[in-house]
Amino acid sequence: VAVLAAAAVLAGAFVCRGGRARVPAPALPTAGSTPDTATALRALLDASRSTSDFAGLPLMRTAVAGLPRTWEARFNLAATLENAALEAGPHLGRTDPMTRSSVERVALVVEALHEREVALGLAADSRRRASTLCFGAKVLRTWGLQVDALEMARRAQALDPTWEFPARIIADLEADLRRGGVVR
């Protein structure tokens, strides 16, 4: 029931977002103005990192629009969305979330989960697939979804059993769950 309620809230948020003014994203360089797509992506990633994650979202979305079948673009957009959902900054003399509401924060995380799934499908090797899942698991843990994070981390470990990073995440999540889901 809670999942259905959350889905309804998110669906409403996406419908309501359509009427807001959006910051236009700069256009990708044309094929004639850049040596290759990797250079264009690097330039967009560098530009987005020079600002806050929330402010860099238009640049990351531009990178994905121009390079939709690129793991790096999708992976980085997911990370930017996740960070933007948690980003805080000064506003009227105090520190507040950069987003306007909790609904917007949840919508950013839902979009990030979608981008992670797309990135997973585009990953060229098992380490990239495992990395995509590990970082997704860390985000789910941050939001208090340890059981889902544990399942994601176990998938990562199965994809790349020689990599110790998933094992560390699994150990942390199992410890959280032994404490009743409390993150240390």
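Residues numbered from 1 in each chain as written. Predicted model: local features only at pLDDT ≥ 70, side-chain atom pairs only at ≥ 80, totals over all residues. Heavy atoms only, no water.

Undergrad: Is there a simple way to explain helix 7 (residues 146–159) in this structure?
TA: Quick reminder: α-helices carry 3.6 residues per turn. Residues three or four places apart thus point the same way. Its 14 residues give helix 7 an end-to-end C-alpha distance of 20 Å, which sits within 8% of 20 Å, the value for a rise of 1.5 Å per residue. Taken residue by residue, helix 7 has Gln-146, Ala-149, Leu-150, Met-152, Ala-153 and Ala-156 as its buried positions. In an axial view of helix 7, the angular spread of the buried residues amounts to 165°, which keeps them on one side of the axis. Across from the buried face of helix 7, at angles greater than 90 degrees, the exposed residues are Val-147 and Ala-158. (Helix = DSSP H or I, 4+ residues; strand = E, 2+ residues; numbered from the N terminus. Expected span 1.5 Å × (residues − 1). Buried < 20%, exposed > 50% of the residue type's maximum accessible area, 1.4 Å probe, protein only. Arc of directions from axis to C-beta.)

Undergrad: Could you clarify how one ought to interpret the pairing of strand 2 (residues 94–97) in this entry?
TA: One ladder, built from 4 bridges, connects strand 1 (residues 88–91) with strand 2; its direction is antiparallel. Counterpart to Gly-89 in the pairing with strand 2 is Asp-96. Linking strand 1 to strand 2, which pair antiparallel, is a turn of 2 residues; within it Leu-92 sits at a positive phi near 55°. (Pairing = 2+ DSSP bridges.)

Undergrad: How do you make sense of the nonpolar core when you look at a structure like this?
TA: The tendency in soluble globular proteins is for nonpolar side chains to be buried as a group. The biggest cluster of nonpolar side chains holds 16 residues, and the ones touching the most others in it are Cys-134, Ala-137, Ala-153, Ile-169 and Leu-173. Secondary structure elements with two or more residues in this core: helix 6 (126–142), helix 7 and helix 8 (164–178). Not counting chain neighbours up to four residues away, the residues in contact with Ile-169 comprise Cys-134, Ala-137, Lys-138 and Ala-153. By size, the runner-up hydrophobic cluster in this structure holds 11 residues, among which are Met-60, Val-64, Ala-73 and Ala-112. (Core = buried A, V, L, I, M, F, W, Y, C linked by side-chain atoms within 4.5 Å. Contact = heavy atoms within 4.5 Å.)

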